[in-house]
Amino acid sequence: MIPARNTFLLLAALALTSFSSPALDEPTKVPSPSSTNPAATVNGYQPKWWKEAIVYQVYPRSFKDSNGDGIGDLKGITSELDYIQGLGVNVIWLSPHFDSPNADNGYDIRDYRKVMTEFGTMSDFDELLKGVKQRNMKLVIDLVVNHSSDEHKWFVESRKSKDNAYRDYYIWRPAKDDNVPNNWVSFFSGPAWKQDPATGEYYLHLFADKQPDLNWDNPKVRNEVYDLMKFWLDKGVDGFRMDVIPFVSKREGLPDLPADYMTRPQFFYAMGPHLHEYLKEMNHEVLSKYDVMTVGEAFGVTVEQTPTLVDERRNELNMIFNFDAVRLNRNGEAWRDWTLPELKAIYTNLDQTSNVHMWNTVFLSNHDNPRVVSAFGDDSAPFRAASAKVLATMLLTLKGTPFIYQGDELGMTNYPFTSIDQCDDIAVKNAWKALVLTNTVSPDVFMANVRKVSRDNSRTPMQWDSSANGGFTTGAKAWLAVNPNYKDINAKQELGDPNSIYNYFRQMAELRRKTPAFVYGDYKDLDPNNAKVFVYTRTLGKEKYLVVLNFSEGAVAYDLPAGLKAGELVISNLAKLTDQGGTLHLKPWEARVYKL
Ligand code: NOJ
């Protein structure tokens, strides 16, 4: 998810960084099991629509432009609802669609009750919501309330004077020794404080200086948030993805970041002393009154802390995004080569730290991360399609609600960036200033990393067809260049090809939807140390499925563990083979699902 700090320099140190268990959180306190009615459970779990859902993330700016201005919009999304439904997903998560000056592409909100002008009007939103409901899908929107835009009327007021009625809506501190109030760093490079000329005081911004952090310790702020949540829920939206929600409660006294958190400040900013109190209050005041799905973007939350946020008996959130898997390929913001046993260990850890009263998410991409096939598969021509299908098989058969990012169902790839001028993301532009313009990192090294991890890789426009700009816009220019491979990789071509990634994805989605074992079944990794093949079972009562994924570019003769034999082949991404015994002859990047 979250973009650059100026960490390129610290790669060596980061290589040793452990992302688990900083001893800063409260211990997990969950009541003992008993409270649920076992008769209503499946494998111990309370069935819920959001546990059975497949979520598709739409990044509105890049999805589909309806009016030729080069920027995606709500009407564009409405026009492609059949495409989304055809994929077999049933929930759409819409990245921010609110009025914003776009310092951070909509994650800086100026008015929480207004639609971004470039995206359309409130009646366009209502049409979109109607179209989603007509198709029996659900719409989840982004709740970005750790910070607002500095152009929000609350901040415009707040900065005017120390005694303004809105002063305490944000986090203001006087200078300390003629300098910033503490050593906190922003995720977008530089200090997390900016001095404001009107009063000479500093305000806190964990992200861009145009994203001042709201002061959640002020009950008025929390009530404003609950009101705006009700505004959207009363319109009929089905829940929220909550942007960096674990950061909303700040540590008492705003103490300096300890040295060992400098390169991973998220673990210091997250899980502040009142977080649980505020989430419980939000749940009581708002969420408990609606049948909604909530998923917290839990950057800086460890697997061990997760139950404290999502155990249903605590009445806080439904699910969180844990970043261990999606960030496995990163040392800070620099690319690192990852291994399959590491990835498997993460999924096992997530599963083993879980219990029947909580639920996980599964995702390997979003608008803050590179393309899934480029980061976790192999986007070279011979293996792009097969590896994208292996990843789809995995995402749709692991335990937890899958979140799929737009374009990944087509196997869209990272963009071949060669110059900083091709980039849009504030995180990358600030990092360029902080690192390249100070001669700390060479432009070549910087750009090589951009090609691997930059957020802009996933933000290039959807590739709809082989016409100019990939059919994303009828205008001359898209807001961010379309990937030059759009003539080969696009929705129109894939819809017409029965062997396409899109059509495979849709079969996999159908398989998940009709197979409770892939939702509620137990998960077991059968061969954790195998560096090439990922083999696991999902078991629900007597129903058992075996998933075999070759994550390598070579053929593998794989001996199933003793006692296991290939059963009925339910799906494979390559030609169906006839392996019947205990040895599977896997082609490069082959995926198979068997019913045992
Ligand atoms: C997380 C969002 O996913 C990211 O895009 C954004 O820049 C930060 N939060 C700040 O809102």
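Residues numbered from 1 in each chain as written. Predicted model: local features only at pLDDT ≥ 70, side-chain atom pairs only at ≥ 80, totals over all residues. Heavy atoms only, no water.

A.B. asks: Looking at this structure, how should I read the overall build of the chain?
C.D. replies: Broken down by element type, the chain carries 20 helices and 22 strands. Taking the principal axes of its C-alpha atoms as reference, the chain extends roughly 75 × 60 × 50 Å. Within the chain, buried positions represent 61% of all 596 residues. Within the chain, contacts between residues at least 6 apart in sequence are counted, and of these 71% link residues at least 24 apart. When the accessible surface of the chain is totalled, it reaches about 21,600 Å², and 50% of it is carbon and sulfur. Charged side chains of the chain number 66 positive and 75 negative; the gap between the two group centres comes to 3 Å. (Helix = DSSP H or I, 4+ residues; strand = E, 2+ residues; numbered from the N terminus. Buried < 20%, exposed > 50% of the residue type's maximum accessible area, 1.4 Å probe, protein only. Contact = heavy atoms within 4.5 Å. Areas by Shrake-Rupley, 256 points an atom, 1.4 Å probe, with all protein chains shown as cover. Lys, Arg positive; Asp, Glu negative; His and termini not counted. Charge placed at Lys NZ, Arg CZ, Asp CG, Glu CD.)

A.B. asks: In this structure, what is going on with the site of the ligand? I would like to understand it.
C.D. replies: Around the ligand lies a shell of 14 residues, among which Asp104, His147, Asp243, His367 and Asp368 are the nearest. Residue Arg241 places a side-chain N or O atom 2.9 Å away from an oxygen atom belonging to the ligand. Notes on the ligand: free accessible area 300 Å², of which the protein chains cover 100%. Taken together, the residues that form the shell around the ligand break down as 4 nonpolar, 3 polar and 7 charged. (Near = heavy atom within 4 Å. Polar contact = N/O pair within 3.5 Å; in protein donor to acceptor, adjacent residues only side chain to side chain. Nonpolar A, V, L, I, M, F, W, Y, C, P; charged D, E, K, R; others polar.)

A.B. asks: Looking at this model, I keep getting lost on the sheet that holds strand E20 (residues 568-572). Mind explaining?
C.D. replies: By definition, the strands of a sheet pair up through backbone hydrogen bonds, in either a parallel or an antiparallel sense. Spatial strand order, E16-E17-E18-E22-E20: 5 strands in an open sheet with antiparallel pairing. Lying at the two open borders of the sheet, with one neighbouring strand each, are strand E16 (522-525) and E20. Adjacent strand axes in the sheet meet at a mean angle of 20° when their direction is disregarded. Direction of pairing for E20 relative to strand E22 (residues 591-595): antiparallel, over a ladder of 4 bridges. Pairing of Ser572 across the sheet is with Arg592, part of E22. The sheet strands contacting helix H14 (residues 384-395) are strand E17 (533-540), strand E18 (543-550) and E22, and the helix crosses E18 at an angle near 150°. (Pairing = 2+ DSSP bridges. Axes fitted to C-alpha atoms, helices over the stretch in contact; angles between N-to-C directions.)

A.B. asks: What should I look at first to understand unusual backbone geometry in this one?
C.D. replies: Excluding glycine, most residues fall at negative phi; most peptide bonds, likewise, are trans. Of note, Asn102 is a non-glycine position whose phi angle comes to about 65°, a positive value. Among the structural elements, Asn102 can be located in the loop between strand E3 (98-99) and strand E4 (111-115). Of note in the backbone geometry, Asn469 takes a positive phi value of approximately 55° without being a glycine. Turning to its location among the elements, Asn469 is positioned in the loop between helix H17 (456-459) and helix H18 (491-495).

A.B. asks: Would you mind showing me how to read the environment of Pro258 here?
C.D. replies: In this fold, Pro258 is placed in the loop between strand E9 (239-242) and helix H9 (266-269). For the pair Pro258 and Trp184, spaced 74 residues apart in the sequence, the C-alpha separation amounts to 9.6 Å.

A.B. asks: I keep staring at helix H6 (residues 122-134) and nothing clicks. Help me out?
C.D. replies: Since the α-helix advances by 3.6 residues per turn, residues separated by three or four positions end up pointing in the same direction. With 13 residues, H6 ought to run about 18 Å at 1.5 Å a step, and its terminal C-alpha atoms sit 18 Å apart, in line with that. Along H6, the residues classified as buried are Asp124, Phe125, Leu128, Leu129, Gly131 and Val132. Relative to the axis of H6, the buried residues are bounded by an arc of 160° and lie together on one face. Contact partners of the buried residues in H6: helix H4 (74-79), helix H5 (81-86), strand E2 (91-94), E4, strand E5 (138-143) and helix H8 (219-235). The positive-phi residue at the C-terminal boundary of H6 is Asn136, with phi of around 60°. (Expected span 1.5 Å × (residues − 1). Arc of directions from axis to C-beta.)

A.B. asks: Could you clarify how one ought to interpret a negative patch on the surface in this entry?
C.D. replies: A contiguous patch of negative charge, built from Asp168, Asp217, Glu252 and Glu277, is present on the exposed surface. Within the secondary structure, Asp217 sits in the loop between strand E8 (202-204) and H8. Overall, Asp217 belongs to the partly exposed group, its relative accessible area being 36%. (Patch = residues over 30% accessible without salt bridge, like charges linked within 9 Å, V, L, I, M, F, W, Y side chains within 5 Å. Salt bridge = Lys/Arg side-chain N within 4 Å of Asp/Glu carboxyl O.)

A.B. asks: Whenever I open this one, the packing of aromatic side chains confuses me. Can you help?
C.D. replies: Both the distance between ring centres and the angle between the ring planes are used here to describe each pair of aromatic rings. Inspection of every chain in the model, using the stated rule, returns 45 aromatic pairs. Arranged with centres 4.9 Å apart and planes meeting at 75°, the rings of Phe125 and Trp232 form a pair that is edge-to-face. Of this pair, Phe125 sits in helix H6 while Trp232 sits in helix H8, placing them 107 residues apart in sequence. Seen in terms of ring centroids, Phe231 and Trp232 are 5.1 Å apart; in terms of plane orientation they differ by 85°. Their pairing is edge-to-face. On the accessibility criterion, Phe231 (27% relative accessible area) is partly exposed. Residue Trp232 is classed as buried on the basis of its relative accessible area, which comes to 0%. In this structure, Arg167 packs its charged tip against the face of Trp172, placed 3.8 Å from the ring centre. For Lys452, the ring lying beneath its charged end belongs to Trp335, and the centroid distance is 4.2 Å. (Phe/Tyr/Trp six-rings, centres within 6.5 Å; stacked < 30°, edge-to-face > 60°. Lys NZ or Arg CZ within 6 Å of the ring centre and 35° of its normal.)

A.B. asks: Explanation requested: the sheet that holds E9 in the structure shown.
C.D. replies: Taken in spatial order, the 8 strands of this open sheet run E11-E10-E9-E5-E2-E1-E15-E14, and their pairing is parallel. Looking at which strands have only one partner, the edges of the open sheet turn out to be strand E11 (319-321) and strand E14 (361-362). Bridge count between E5 and E9: 3 bridges; the pairing is parallel. Each residue of the ladder has a partner; that of Ile141, found in E9, is Phe240. Its contacts with the sheet place H6 against E2 and E5, and it is angled at close to 135° to E5.

A.B. asks: Got a minute to help me understand the pattern of salt bridges in this structure?
C.D. replies: Once their charged atoms are close, side chains differing in charge can pair, the charge on each being opposite to the other. Per the counting criterion, the structure on display carries 32 salt bridges. The partner of Asp196 in a salt bridge is Arg159, and the shortest N-O contact between them spans 2.8 Å. Here Asp196 is found in the loop between strand E7 (193-195) and E8, whereas its partner Arg159 is found in the loop between helix H7 (153-158) and strand E6 (172-173), with 37 residues between them in sequence. The class for Asp196 is buried, based on a relative accessible area of 4%.

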